[in-house]
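Given next are the chains, with one letter for each unit.
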Amino acid sequence: MSQFTHLFDALHPEPWLWVILLLAAAVILFIRNTIRMDIVAVLVMLVFSLSGILTVEEVFAGFSDPNIILIALLFIVGEGLVRTGVAYQVSEWLLKASRNSESRVLIFMMLAVAGLGAFMSSTGVVAIFIPVVLMICQQMNISPKRLMMPLSVAGLISGMLTLIATAPNLVVNAELVRETDMRLKFFDFTPIGLAILLLGIGYMLVARRWLKSDKESEMHSTDKRSMNDLIYEYGLQLRAQRFVVKKGSSLIGKHLDELHLRSKFGLNVLAIERWKRFRPIFISALGSSEVREKDILLMDSSDPELNLAEFCQEYNLERAEIRAQSFSEQASSIGMAELILVPDSDCIGKSTEELHFRSKYGLNVVGIKRDGEVLDGHFVEMPYKAGDLLLVVGDWKLIQQMRTHSKDFFVLNYPSEITRAVPAQSQAPYALLSILVMVFLMVTRLVPNVVAALIACLMLGYFRCVDSKSAYESIHWSSLVLIVGMMPFSLALQKTGGVAMIVDLMLNLVGGMGKHWILISLFILTAVVGLFISNTATAILIAPIAITMANQLNLSPVPFAMVVAIAASAAFMTPVSSPVNTMVFGPGGYKFADFVKIGVPFTILVMLVSIFLIPLLFPF
């Protein structure tokens, strides 16, 4: 490595100039996007290691940084909320509360996304809400363009509500602690974030009108079909029935396999709706499932000649309203998929009834398609043929387990609702308890934030809200590598005098114009740099500049640090400024110019509000 260092010295550049050139090269690679961003970060670490500007220990110090561990743990916490259905419960409430008003949908959605994003990954929250928003747009017959950008804006604003809401906040706080031994409190961001959230809601109520719909965006849909698509395709909406089990029914206390409803009446129980803890839950119908009083049985009736009135009278049942949305609205609990029989399957020539399909696989066959045509009548008694498509309903876990039966079946199509599968719904109260414990420990500072998050993750694991596989998979490793790879820039700029040079330049430009102008210049610098690199990497670069500037002016560094954190989260101006923008870009049918048109004015408004509020809450 000494040979590379001697070569570096022989070129006689100013060390800070090498750092600036390397930063420029990294930004260009980020913009061109020909190499993955995390790979660029690894290359940056390699160059710093060979240059001699930093020691090897300094280059790789980020991997032992507690804030990197904290970010990884927060990904797991967010996964716990997703797997237990806590996050999706909020989205279901949104559908009911909006009552077909686009304005109310926008308001409730932004409040829900910001509220959830204050305590879990905004990327995860936005990912949960994208299919929900698409469903709302479909039901209300409006373009996704009008709601997808408010979704991403709310996700970004959520990062301004609490200390742990986004990585830039943690990075800025870590730099503040390292340089001054001062630290930000858990809810220091909240007053500013709430003001910006209210501003954002009002702004998007007006700005959504600037997003003109076109035929392409209105016809835009996800690649996968929805449950409703499959229901209508297989004619299930014409056969589905709901029955309430009344007191004294002979079904009470019996298991489904004992009732023989399919063989006697052509009725197949698909799911059981049961009230538990003051809310309805949906249970997959297995042969061992026991019927209880007040249960609502969701059935598939394959016999068109069945007299439903006589059936209800015989078993003391009451018919309830059925809607096509009954399946898709409960997609967190009940799944659906298309299976295809492989050519050499042992199941060919056997019927659903002969295979005891529900007892063997835990799933209900509700439709068979052969040569593009849906089979009518008692299809459960019809022998399978090679190439048949089976529409099955049941627990998402059991549907996904069908991949292990690849010698007989292949899962051909999952509906778009698979993103809402909730494998640990019964553990939701424990997930909430874990989050409350973490927030309490962080607010009271009884333990460091990383320890509080670790305790929450261990609780989530103990209560089976997450398992080891889902925990590891929930961590965005590429994001962590990107953050660690950009960290050496901050230290290198400080060691080579680059930070001092930038501070002197900014002070010469705006130092005599007043404190507020200095904050404005910091906000603009952070926002502009954030156009080219991630908001976390931006915070890593700008935070030491801001704190050094405050120290040279003998002012409190806290307002300077807060401006950098808020500006880093204000990544509204391009679709590549933040992952949440990139996620809604396709489903919303946007163009690059749409983000510029909506994002630039809003960023200016956020800057003005921040520059006004921050000095009031955190005096110089």
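Parameters and conventions
Residues numbered from 1 in each chain as written. Predicted model: local features only at pLDDT ≥ 70, side-chain atom pairs only at ≥ 80, totals over all residues. Heavy atoms only, no water. UniProt positions renumbered as here; feature names shortened; annotations may be inferred. Helix = DSSP H or I, 4+ residues; strand = E, 2+ residues; numbered from the N terminus. Buried < 20%, exposed > 50% of the residue type's maximum accessible area, 1.4 Å probe, protein only. Contact = heavy atoms within 4.5 Å. Areas by Shrake-Rupley, 256 points an atom, 1.4 Å probe, with all protein chains shown as cover. Salt bridge = Lys/Arg side-chain N within 4 Å of Asp/Glu carboxyl O. Expected span 1.5 Å × (residues − 1). Core = buried A, V, L, I, M, F, W, Y, C linked by side-chain atoms within 4.5 Å. Phe/Tyr/Trp six-rings, centres within 6.5 Å; stacked < 30°, edge-to-face > 60°. pLDDT = per-residue confidence, 0-100. Bend = angle between axes of the 7 residues up to and from the residue. Pairing = 2+ DSSP bridges. Axes fitted to C-alpha atoms, helices over the stretch in contact; angles between N-to-C directions. Parallel < 35°, antiparallel > 145°, perpendicular 65-115°, else oblique. Left-handed = near helix turned anticlockwise from the far one by under 90°. Nonpolar A, V, L, I, M, F, W, Y, C, P; charged D, E, K, R; others polar.

If you look the protein up in an unreviewed UniProt entry, it shows as Na(+)/dicarboxylate symporter from Aggregatibacter aphrophilus. Among the UniProt annotations of the protein, the heading Subcellular location (unreviewed entry) holds the following wording: "Membrane".

Below, the discussion takes up the overall build of the protein. Of the regular secondary structure elements, the protein holds 30 helices and 10 strands. By residue count, 56% of the 620 residues in the protein fall in the buried class. Within the protein, contacts between residues at least 6 apart in sequence are counted, and of these 79% link residues at least 24 apart. Summed over all atoms, the accessible surface of the protein reaches about 27200 Å², with 61% contributed by carbon and sulfur.

A complete count under the given rule lists 11 salt bridges for this structure. Of the charged contacts in the structure, one is a salt bridge between Lys145 and Asp594, with a shortest N-O distance of 3.6 Å. With Lys145 in helix α9 (residues 145-158) and Asp594 in helix α30 (residues 592-617), this residue pair connects regions lying 449 residues apart in the sequence. Each of the two residues, Lys145 as well as Asp594, counts as buried. Residue Asp388 pairs with Arg370 through a salt bridge whose shortest N-O separation is 2.8 Å. Taken together, the positions of Asp388 in the loop between β8 (373-374) and β9 (389-395) and Arg370 in strand β7 (residues 364-370) put the pair 18 residues apart, joining distant regions of the chain.

This part covers helix α11 (residues 190-207). The end-to-end C-alpha distance of α11 is 24 Å, a good match for the 26 Å that 18 residues give at a rise of 1.5 Å each. Turning to α11, its buried residues are Thr190, Ile192, Gly193, Ile196, Leu197, Gly200, Ile201, Tyr203, Met204 and Ala207. The inward-facing, buried residues of α11 abut α7 (102-117), α9, α28 (557-569) and α30.

A separate point is the nonpolar core. In terms of nonpolar packing, the biggest core is built from 144 residues, with Leu151 and Phe489 touching the most fellow members. Here this core gets 11 residues from one element, more than from any other, and that element is helix α27 (residues 535-552). Core analysis: the next-biggest nonpolar cluster, separate from the first, contains 37 residues, Ile231, Cys347, Leu355 and Val393 among them.

In this structure the tally under the stated criterion is 15 aromatic pairs. The interplanar angle of 90° and the centroid separation of 5.8 Å between the aromatic rings of Phe265 and Tyr315 together place this pair among those described as edge-to-face. Residue Phe265 is located in helix α15 (residues 261-265), and its partner Tyr315 is located in helix α16 (residues 308-315); the two are separated by 50 residues in the primary sequence. Overall, Phe265 belongs to the buried group, its relative accessible area being 14%. Judged by its relative accessible area of 11%, Tyr315 falls in the buried class. For the ring pair Phe311 and Tyr315, a centre distance of 5.2 Å and an interplane angle of 50° mean the geometry is tilted. Placement of both Phe311 and Tyr315 in helix α16 is noted, with a separation of 4 residues, approximately one turn of the helix. The residues Phe311 and Tyr315 share a single accessibility class, namely buried.

Turning to unusual backbone geometry, a few remarks are in order. Note: most residues except glycine have negative phi, and most peptide bonds are trans. The phi dihedral of Asn316 is positive, around 55°, even though this residue is not glycine. Of note, Asn316 is situated in the loop between α16 and β5 (317-320). You will see that Asn554, though not glycine, has its phi angle at about 55°, which is positive. As for its position among the elements, Asn554 is in the loop between α27 and α28.

Once that is clear, we can look at the confidence of the model for the protein. Per-residue confidence for the protein gives a mean pLDDT of 80; residues scoring 70 or more make up 85%. Segment residues 215-222 is flagged for pLDDT under 50; beyond a separation of four residues in sequence, or across chains, it makes 11 contacts in the model.

On to α27, then. Under the 1.5 Å per step criterion, the end-to-end length of α27 is 25 Å for 18 residues, consistent within 8% with the ideal 26 Å. Along α27, the sharpest kink reaches roughly 30°, centred on Ile542 and followed within four residues by the proline Pro544. Of all the 18 residues making up α27, 15 are buried; the element is thus mostly covered by neighbouring parts of the structure. Of the residues one or two after α27, Asn554 is the one with positive phi, at around 55°.

The next thing to look at is the environment of Thr574. By secondary structure assignment, the location of Thr574 is in the loop between α28 and α29 (579-585). On the accessibility criterion, Thr574 (8% relative accessible area) is buried. Residues Thr574 and Ile598, 24 residues apart in the sequence, show an inter-C-alpha distance of 9.5 Å.

So, about the pairing of strand β2 (residues 267-276). With 8 of 10 residues buried, β2 is to be regarded as a mostly interior element. As paired strands, β2 and strand β4 (residues 296-301) are joined by 6 bridges and run antiparallel to one another. Pairing of Val269 across the sheet is with Met299, part of β4.

Next up on the list: the packing of α27 against α28. The description of two helices packed together rests on the angle between their axes and the distance between the axes. Close contact between α27 and α28 brings their axes to 9 Å; oriented N to C, the two are set at 160°. Classified by the interaxial angle, the pair formed by α27 and α28 is roughly antiparallel. Two packed elements cross with a definite hand, and for α27 against α28 that hand is right-handed. In this structure, α27 uses Asn535, Ala539, Ile542, Ala543, Ala546, Ile547, Met549 and Ala550 to contact α28, whose residues at the interface are Pro557, Phe560, Val564, Ala568 and Ser569. Considered class by class, the residues forming the contact of α27 with α28 number 11 nonpolar, 2 polar and no charged.

Within a regular strand, the side chains alternate between the two sheet faces. Counting buried positions along β7 yields 7 of 7 residues, so the element is predominantly enclosed. In terms of strand pairing, β7 meets β9 through 5 bridges, oriented antiparallel. By the bridge assignment for β9, Asn364 is matched with Val393. Taken together, the 2 bridges between β7 and β8 define a ladder with antiparallel strand orientation. If you follow Arg370 over to β8, its bridge partner there is Glu373.

Contact pair α9 / α30: the axes reach a minimum separation of 12 Å and the direction vectors enclose 45°. Judged on the interaxial angle alone, α30 and α9 are oblique. Crossing of α9 against α30: the hand is right-handed. Residues Lys145, Met149, Ser152, Val153 and Ile157 of α9 form the contact with α30, whose participating residues are Asp594, Phe595, Ile598 and Phe602. Of the residues assigned to the contact of α9 with α30, the class counts are 6 nonpolar, 1 polar and 2 charged.

Looking at the element boundaries, Asn173 is found in helix α10 (residues 167-180). Exposure remark for Asn173: the relative accessible area of 7% places this residue in the buried category. With near-sequence residues (within four places) excluded, Asn173 lies in contact with Leu163, Arg183 and Leu184.

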